[in-house]
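# Observations on chain architecture
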Amino acid sequence: MVPSHRDSPLPWDPIPEVPHTTALCPLPSGVTLPSLCPQELRRGCFWQGVLAEAAATFIFVGMVLGASAAPGPLAPALAGGLVAGGLACSLGTPQANPALTLALLCTRKMGALRGAVGLLAQCAGATAAAAAARTVLPDDIGLVTRVSAVGTLGQALAWETLATFQLALVTFAAADHAAPQGGLALGSAVAAGALAAGPFSGGSMNPARSLGPAIVTGVWDDHWVYWLGPVLGAVLAGFSYEFVLAPSASQEKLGACLACRDVALVETTSTSPSSPSARAPLAPPAEQGQGTA
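Quick look at the structure, then.

Definitions and limits used
Residues numbered from 1 in each chain as written. Predicted model: local features only at pLDDT ≥ 70, side-chain atom pairs only at ≥ 80, totals over all residues. Heavy atoms only, no water. Helix = DSSP H or I, 4+ residues; strand = E, 2+ residues; numbered from the N terminus. Polar contact = N/O pair within 3.5 Å; in protein donor to acceptor, adjacent residues only side chain to side chain. Contact = heavy atoms within 4.5 Å. Axes fitted to C-alpha atoms, helices over the stretch in contact; angles between N-to-C directions. Parallel < 35°, antiparallel > 145°, perpendicular 65-115°, else oblique. Left-handed = near helix turned anticlockwise from the far one by under 90°. Phe/Tyr/Trp six-rings, centres within 6.5 Å; stacked < 30°, edge-to-face > 60°. Buried < 20%, exposed > 50% of the residue type's maximum accessible area, 1.4 Å probe, protein only.

## So, the side chain of Asn97
Relative to the helices and strands, Asn97 resides in the loop between helix H2 (74-90) and helix H3 (98-106). In this structure the side chain of Asn97 is engaged in a polar contact, spanning 2.9 Å, whose partner is the backbone oxygen of Met205. The residues contacting Asn97, other than those within four sequence positions of it, are Gln122, Leu167, Met205, Asn206, Pro207 and Ala293.

The following block contains the structure:
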């Protein structure tokens, strides 16, 4: 699934270091807790975000699997694009895509604990959606993503990587620029990627979308393609945007990421009062639903 200057925090905001706090939502900005701090597990907003990930992934995968019963790649592509745009405009926060979550982790936009629990929630939501779809669909033919007979494993991997790259790039850029058309941009990227990669790999772009049906049906043919390709594409897109294309891109920001330091601190200290980013502070893309795809 676009951050903007706001007063109220969201579930993916950094957590301030406040001893023995019982607050359910993030407190005013301050020193953030370590990314693996157990204190985070006691906060209501943390679990609200986890439930949003599970629900968004369930909805997205369920809609795509339902549309997969129709012949050809057009119906799943349209269903995926429409539901991704709808989730971006409504829920706003969840990624609903392990590849996008891993890209946020690699670019230091999300803490390790939140990322790990979010990944589990996404996989659980996708598995539940696949189990539900299997009970109502006439067969399992459209559930599992498979490498097409007209292509090779290498071609499928390349298309999954490219399709996810453009999806993740759009996601990071839409979040950074706070565009009101963010949901439309995300939905279009999902549909375009599915249509382009569909003839070769099924156009997954989402490891959870492939994992859920694989668990339910027991069909694991070439399953690694649907993890390696999307994760590689999303991580490359995250680094390309955050450290090359973004208005806040800088060598200091890249150095902070490679040194496992807080990238947000570098963004804050590197902006000047006259810069656009100073007038509207940037926030982690994780806050505005990196993908639902």
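## A look at the packing of helix H7 (residues 207-217) against helix H8 (residues 225-245)
It is the contact of H7 with H8, at a shortest axis distance of 9 Å, that shows an interaxial angle of 165°. The angle between H7 and H8 places the two elements in the roughly antiparallel class. Crossing angle aside, the handedness with which H7 passes H8 is left-handed. Residues Pro207, Ser210 and Leu211 of H7 form the contact with H8, whose participating residues are Tyr226, Trp227, Pro230 and Val231.

## A short note on the environment of Leu162
Note on placement: Leu162 falls in helix H5 (residues 153-177). Separated by 43 residues in sequence, Leu162 and Met205 have C-alpha atoms that sit 9.1 Å apart.

## Quick word on the packing of aromatic side chains
Two numbers describe a pair of aromatic rings. These are the distance of the centres and the angle of the planes. Counted according to the given criterion, the structure contains 3 aromatic pairs. Ring geometry for Phe46 versus Trp47: centroids 5.0 Å apart, planes at 90°, classification edge-to-face. For Phe46, a relative accessible area of 4% gives the class buried.

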